[in-house]
Amino acid sequence: MNLMTHLPVLVVVAPLLAAALIVVINSRKAAWLITLITSLFCFYASVNMLQMLQDVAELSYKLGGWDAPLGIELKVDALTALMLLILTGSASLVSFYALRSVEKEIADGKQVLFYSAFLLVFAGLIGISITGDAFNVFVFLEISSLSTYAIISMGKDRRALHASYSYLIMGTIGATFILIGIAFMYVMTGTLNMSDLAQRLPAVADTSAIRAGFAFITIGVGIKAAMLPLHQWLPNAYAYSPSVVSTFLAATATKVAVYVMIRFQLTIFGIEFSLLEMPFDKILMFLGTLGILGGSIYAIFQSNVKRMLAYSSIAQIGYILLAIGLASHEGFVAALLHMFNHALIKGTLFMALGIIFYRFATTELSSMAGTGRTMPFTMAAFTIGGLSLIGVPGTAGFVSKWYLVTALLEASLWPIALLILVASILTVIYVGRVIEVAYFKPAPEGVERKSMPTSMLAALWIFAIANIYFGLDSEVSMGVSTLAVDQLIGVRP
């Protein structure tokens, strides 16, 4: 038996089995170690599947040997491979980082259950990305969502309970909308397999049922992606959840929601129907622009740095939606590239805040006075992430913003290209507030330089260095993004 042929299913099954094993063993250190090993295995599997795609257009795995569309199929193309890299890479670093952070922020009696629930979130997000069945998108979405509500609520801050409940309400509405949309498609086509749906939908595309299904799915996914004005759940969920949770969610959760939007729009409904006939392109461009400005302005006025970065994430989702709304090859590439780079940026920033929380038990801006001197390694990494968020040349953030601006100029949308510049200036303002407090304000009396846990700093700096590496050499990220778009819109087979 060739293990490599089973990687598409193993990457889903491994975290599910590990989650159950953790509960059976019921040991905190064993739970962390199992989580780390599982995440690293999934990253190894993702890298190998990406390498396999150099020889074939896609990998297909038929569960139980049943051929699609009767059987359930797992599929890995370039878009899936990109998402798996984001998910498994982030999970591996977060798992390594988690040992000391979880000990600090989560009660002893909940730590084993936390790691189990974390792996269920991880498995659900992978399942969403790899399934070739529309209904299973909903199934895996529920697995990840229910587990996410649980791990958000495990923070010691009582406001985490309210944040989790708010997310539960919004998330349930979003999932219901997605399920209704899938039901409309099934009624009209009699199939749930994505490839089969793509072949059958054109014959019934000009019906009210399919248009309603498209609308329901779009709104449901918009809630999950925190698309303004459907973003209300995100700021508190990021601000009051444990640092490990906010880091992982910021790097992955909204990206998977955008992935679902792209997958349904381009693979199932098709670009002509989704972005031209509906016409959803103009709506996305408007909502993306609104998100960029609204998220950036809200971020400026936050006193809690976690909430600041949460609103920043809403703005960054706006960049991605704007790029998709261009409905062009260059726009789609810019969207996927920014999904990848934003994961690196927010992973760096939220990990740095987690280390600051580890020491001061708060992420209020006022508590960070003098941290540039008392926590130099942490703040240096935060600064790199901040520069990448702004889009300074030499960082990953610059690469994706450059491609977005290029795509806008090619579409003769120079006023919106100027908006990107304005939004970057707004980013300078709120990132600059943190840098000013950290480097130009004195530390409170009695607060001196202190070494932080090596595991946390190591994970943080891998994220930070990745921001620089992929800013200087974008061959991998750009190559996979371009290949994914080529496959999605039919430029190459």
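What you see is a predicted model, and the numbers here were worked out from it, not measured in a lab.

A.B. asks: So what's going on with the environment of Ala-81? Which residues, and what values?
C.D. replies: Mapped onto the elements, Ala-81 comes out in helix α3 (residues 78-105). Taking the relative accessible area as the measure of exposure, Ala-81 reaches 1% and is therefore buried. For the pair Ala-81 and Ile-130, spaced 49 residues apart in sequence, the C-alpha separation works out to 8.5 Å. Non-local contacts of Ala-81, meaning those with residues more than four positions away in its chain, are made with Leu-50, Leu-53 and Val-76.

A.B. asks: Go over the environment of Ser-474, please, and point to the residues and values.
C.D. replies: One can find Ser-474 in the loop between α19 (454-472) and α20 (475-488). With residues near it in sequence (within four places) discarded, Ser-474 still touches Val-399 and Gly-479.

A.B. asks: Outline the packing of helix α1 (residues 7-25) against helix α2 (residues 28-52), listing residues and values.
C.D. replies: The geometry of α1 relative to α2 is characterised by a closest axis approach of 10 Å and an angle of 180 degrees between their N-to-C directions. By the criterion of interaxial angle, the relationship of α1 to α2 is roughly antiparallel. Contacts from Leu-7, Pro-8, Leu-10, Val-11, Ala-14, Pro-15, Ala-18, Leu-21, Ile-22 and Ile-25 in α1 reach Ala-30, Ala-31, Ile-34, Thr-35, Thr-38, Phe-41, Cys-42, Ala-45, Ser-46, Asn-48, Met-49 and Met-52 in α2. By residue class, the composition of the contact of α1 with α2 is 18 nonpolar, four polar and no charged.

A.B. asks: How would you summarise empty space enclosed by the protein if you had to cite specific residues and measurements?
C.D. replies: The final tally for this structure, using the stated rule, is three cavities of 30 Å³ or more. Within this model, the largest cavity holds a volume of roughly 170 Å³. What lines the largest cavity is a set of 16 residues, among which Leu-125, Ile-128, Leu-141, Lys-224 and Ala-253 lie closest to the centre. The leading source of residues in the lining of the largest cavity is helix α5 (residues 134-153), at five residues. Considering the residues around the second largest cavity, the lining is formed by Phe-214, Ile-217, Thr-218, Val-221, Val-260, Met-261, Phe-264, Gln-265 and Phe-269. Of all elements in the fold, only α8 (208-224) and α10 (243-269) reach the threshold of two or more residues within the lining of the second largest cavity. When residues in the lining of the second largest cavity are grouped by element, the largest group, five residues, is from α10. Each residue belonging to the lining of the second largest cavity can be placed in one class, and the counts come to seven nonpolar, two polar and no charged.

A.B. asks: Let's hear about the side chain of Ser-243: which residues, and what values?
C.D. replies: Among the secondary structure elements, Ser-243 is positioned in helix α10. Residue Ser-243 is classed as buried on the basis of its relative accessible area, which comes to 0%. A polar side-chain atom of Ser-243 sits 2.6 Å from a polar atom in the side chain of Glu-105. Ignoring anything within four residues of it in the chain, the contact list for Ser-243 reads Tyr-97, Ser-101, Glu-105, Lys-306, Gly-354 and Phe-357.

A.B. asks: Tell me what's going on with the side chain of Ser-296, and back it up with residues and numbers.
C.D. replies: Mapped onto the elements, Ser-296 comes out in helix α12 (residues 280-300). Polar contacts involving the side chain of Ser-296 include one to the main-chain carbonyl oxygen of Ile-292, which spans 2.7 Å. With residues up to four places along the chain from it excluded, the contact list for Ser-296 reads Gly-291, Ala-315, Ala-423, Leu-426 and Tyr-430.

A.B. asks: Help me get a handle on the pattern of salt bridges, residues and values and all.
C.D. replies: Evaluated as defined, the whole model comprises six salt bridges. Note that Arg-100 and Glu-103 form a salt bridge whose closest N and O atoms lie 3.8 Å from each other. Of this pair, Arg-100 and Glu-103 both sit in helix α3, separated by three residues, roughly a single helical turn. On the basis of relative accessible area, Arg-100 is assigned to the partly exposed category, the value being 33%. For Asp-196, the salt bridge identified is with Arg-200, shortest N-O distance 3.1 Å. You can see Asp-196 and its partner Arg-200 sitting in helix α7 (residues 194-204), four residues apart, about one turn around the helix. By relative accessible area, Asp-196 is classed as buried at 12%.

A.B. asks: Before we move on, can you summarise the layout of surface pockets with the specific residues and values?
C.D. replies: Its volume calculated, the largest pocket comes out at about 580 Å³. Phe-43, Leu-85, Phe-340, Phe-470 and Val-476 are, among the 24 residues lining the largest pocket, the residues nearest its centre. Put simply, the parts of the chain that give the lining of the largest pocket at least two residues each are α2, α3, α14 (329-360), α19 and α20. With six residues, the top contributor of residues to the lining of the largest pocket is α3. The space that makes up the second largest pocket amounts to roughly 360 Å³. Considering the residues around the second largest pocket, the lining is formed by 21 residues, among which Glu-58, Lys-75, Asp-77, Arg-263 and Thr-267 are closest to the centre. Mapped by element, the contributors of at least two residues to the lining of the second largest pocket are α4 (111-130), α7, α10 and α20.

What counts, and at which threshold
Positions within a chain are numbered from 1, following the residues in the order the chain's sequence is written. Under the rules for a predicted model, residues below a pLDDT of 70 receive no local features and side-chain atom pairs below 80 are neither given nor counted, while totals for whole chains, interfaces and linings still include all residues. The basis for the side-chain values is all heavy atoms of the structure; hydrogens and waters are excluded. We count a stretch as a helix when DSSP gives it H or I for four or more residues in a row; a strand needs E for two or more, and each element gets its number in order from the N terminus. Accessible area is worked out with a 1.4 Å probe on protein chains only. A residue is then buried under 20% of its type maximum, exposed over 50%, and partly exposed in between. The criterion used for residue contact is that any of the two residues' heavy atoms lie within 4.5 Å. Interaxial angles span 0 to 180 degrees and are taken between N-to-C directions of axes, which are lines fitted to C-alpha atoms, for helices over the stretch in contact. Note that the term roughly parallel is reserved for angles under 35 degrees, roughly antiparallel for angles over 145, roughly perpendicular for angles of 65 to 115, and oblique for everything else. Just so you know the grouping, Ala, Val, Leu, Ile, Met, Phe, Trp, Tyr, Cys and Pro go in nonpolar, Asp, Glu, Lys and Arg go in charged, and all remaining residues, Gly too, go in polar. Here a cavity is any set of points on a 1 Å grid over the protein atoms alone where a 1.4 Å probe fits but cannot get out, and a pocket is any open set with protein on both sides within 12 Å along at least 5 of 7 lines; a residue lines the site when it has an atom within 4 Å of a point. Grid points are joined across faces, edges and corners, and a volume is the space filled by probe spheres set on the points. Between N or O atoms, a polar contact is any pair within 3.5 Å; within protein, one atom must be a potential hydrogen donor and the other a potential acceptor, and residues adjacent in sequence are included only when both atoms are from side chains. Definition used for salt bridges: Asp or Glu carboxyl oxygen within 4 Å of a side-chain nitrogen of Lys or Arg.

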